[in-house]
Amino acid sequence: MESFASEVFIHMSAARCWELVREKVNQEIAKQHKLGRKGLPPLQPPGSLDGFEMFGFSSPAIVQVILLIKALV
């Protein structure tokens, strides 16, 4: 996806932004597959690892800190 570095995903929900990223990744995997490229990763199903999990934001310690910061703001 390095060739799409300038692409921006905006939505009110962070989860929906991650879904948009996953959809873009799947589109590119399908496109490359049709072009005959081998060794591609499988399509990412809905509900697969999300952005919160990928970056550690769903760990209990991080959630606590985020809630604490949110309460202070």
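Up top you'll find the structure we're talking about.
First things first, this report covers the structure right here in the doc. Keep in mind it's a predicted model, so treat the numbers as computed, not measured.

Our next topic: the pattern of salt bridges. Think of it this way: side chains of opposite charge can pair up when their charged atoms draw near. Applying the stated rule across the entire model yields 3 salt bridges. A salt bridge links Arg16 to Glu19; its shortest N-O distance comes to 3.1 Å. Here Glu19 and Arg16 lie together in helix α1 (residues 14–34), a separation of 3 residues that amounts to about one turn. By relative accessible area, which is 26% here, Arg16 ends up partly exposed. Take Glu19: its relative accessible area is 33%, and that puts it in the partly exposed class. Linking Glu23 and Arg16 is a salt bridge whose minimum nitrogen-to-oxygen distance equals 3.1 Å. Each member of the salt-bridge network shares a partner with another, and the members are Arg16, Glu19 and Glu23.

With 13 residues, helix α3 (residues 60–72) should cover 18 Å at 1.5 Å per step; its first-to-last C-alpha distance of 19 Å lies within 8% of that length. Counted residue by residue, α3 has 0 buried out of 13 residues, so it is predominantly exposed.

This next bit is on the environment of Val65. Along the chain, Val65 turns up in helix α3. Note: C-alpha distance between Val65 and Val25 (40 residues apart in sequence) is 31 Å.

What follows is about the side chain of Gln32. Looking at the secondary structure, you find Gln32 in helix α1. Other than its neighbours up to four places away in sequence, Gln32 contacts Arg37 and Leu40.

Definitions and limits used
- Residues numbered from 1 in each chain as written.
- Predicted model: local features only at pLDDT ≥ 70, side-chain atom pairs only at ≥ 80, totals over all residues.
- Heavy atoms only, no water.
- Salt bridge = Lys/Arg side-chain N within 4 Å of Asp/Glu carboxyl O.
- Helix = DSSP H or I, 4+ residues; strand = E, 2+ residues; numbered from the N terminus.
- Buried < 20%, exposed > 50% of the residue type's maximum accessible area, 1.4 Å probe, protein only.
- Expected span 1.5 Å × (residues − 1).
- Contact = heavy atoms within 4.5 Å.

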